Amino acid sequence: MSALPTPSALVRLFCTGPQPDGLVHCSGGQPQGVRAARDGPRRPPQSPGAVEEILDRENKRMADTLASKVTRLKSLALDIDRDVEDQNRYLDGMDSDFTSVTGLLTGSVKRFSTMARSGRDNRKLLCGVAMGLIVVFFILSYLLSRART
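This structure is a prediction, so every number in the text was calculated from the model and none was measured. (Residues numbered from 1 in each chain as written. Predicted model: local features only at pLDDT ≥ 70, side-chain atom pairs only at ≥ 80, totals over all residues. Heavy atoms only, no water.)

1. So, the overall build of the protein
Then, number 1: Check the secondary structure of the protein and you find three helices and two strands.
Then, number 2: Ordered by position from the N terminus, the helices and strands of the protein form the series α-β-β-α-α.
Then, number 3: Of the roughly 13,600 Å² that the protein leaves accessible, carbon and sulfur atoms contribute 64%. (Helix = DSSP H or I, 4+ residues; strand = E, 2+ residues; numbered from the N terminus. Areas by Shrake-Rupley, 256 points an atom, 1.4 Å probe, with all protein chains shown as cover.)

The structure is reproduced here in structure tokens:
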């Protein structure tokens with residue numbers, strides 16, 4: 001009675017080593033009476049139509065997965081687009097606000113410069129107003145610090 005070859009020996013007999021594509025290629029035929037390298041019942045070879053059907057089902061499943069991912073990405077892109085439009089409207093509003101404030105400040109500076117350049121009486125008035133504002137600022141800061149404690 002001769003010893004049967006081990007499964008790894010069968011693989012070496014009927015399979016070639018790794019090919020450039022990284023796969024191990026095995027011949028389809030096996031000697032009669034010798035079990036396959038894997039233990040278990042032998043499966044009949046699948047017909048090309050069955051293999052094609054399996055590949056078609058797998059292809060459809062992967063296409064459905066891809067479609068769902070594309071749908072999620074489209075939804076995300078639309079959300080980003082809406083956010084960008086909202087932010088652009090907000091920035092446009094701020095731009096118009098800054099433009100109006102700039103006009104207001106420019107007018108105030110012109111009036112202040114005109115008042116400062118006019119006669120000596122206006123300078124005394126300007127000094128009095130500035131001193132009054134400084135005093136009011138210190139009084140308010142004192143009251144606020146007392147209110148916190």
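2. Examining the confidence of the model for the protein
Then, number 1: Averaged over every residue, the pLDDT of the protein is 77; the share at 70 or more is 68%.
Then, number 2: By mean pLDDT, helix 1 (residues 7-14) is the weakest element of the protein at 48, and helix 2 (residues 48-117) is the strongest at 91.
Then, number 3: Considering only residues more than four positions removed or in separate chains, one finds that residues 9-14, a stretch of pLDDT under 50, has nine contacts. (pLDDT = per-residue confidence, 0-100. Contact = heavy atoms within 4.5 Å.)

3. A few points about a nonpolar patch on the surface
Then, number 1: Among the surface-exposed residues, Val135, Val136, Ile139, Leu140, Tyr142 and Leu143 lie close enough to one another that they form a single nonpolar patch of about 580 Å² accessible area.
Then, number 2: Within the element layout of this structure, Val136 appears in helix 3 (residues 120-148). (Patch = residues over 30% accessible without salt bridge, like charges linked within 9 Å, V, L, I, M, F, W, Y side chains within 5 Å. Salt bridge = Lys/Arg side-chain N within 4 Å of Asp/Glu carboxyl O.)

4. Quick word on the packing of aromatic side chains
Then, number 1: On inspection of all chains with the given rule, the structure shows one aromatic pair.
Then, number 2: With a centroid separation of 5.6 Å and 65° between ring planes, the pair formed by Phe137 and Phe138 is classed as edge-to-face.
Then, number 3: We classify Phe137 as exposed; its relative accessible area is 54%. (Phe/Tyr/Trp six-rings, centres within 6.5 Å; stacked < 30°, edge-to-face > 60°. Buried < 20%, exposed > 50% of the residue type's maximum accessible area, 1.4 Å probe, protein only.)

5. Side note on the pattern of salt bridges
Then, number 1: Going through the model one piece at a time under the given rule, you end up with five salt bridges.
Then, number 2: Ionic pairing is found between Arg57 and Glu53, a salt bridge with its closest N-O pair at 3.5 Å. Here Arg57 and its partner Glu53 are both found in helix 2, four residues apart, which amounts to about one turn of the helix.
Then, number 3: Ionic pairing is found between Arg61 and Glu58, a salt bridge with its closest N-O pair at 2.5 Å. With Arg61 and Glu58 both in helix 2, this residue pair falls three residues apart, about one helical turn.

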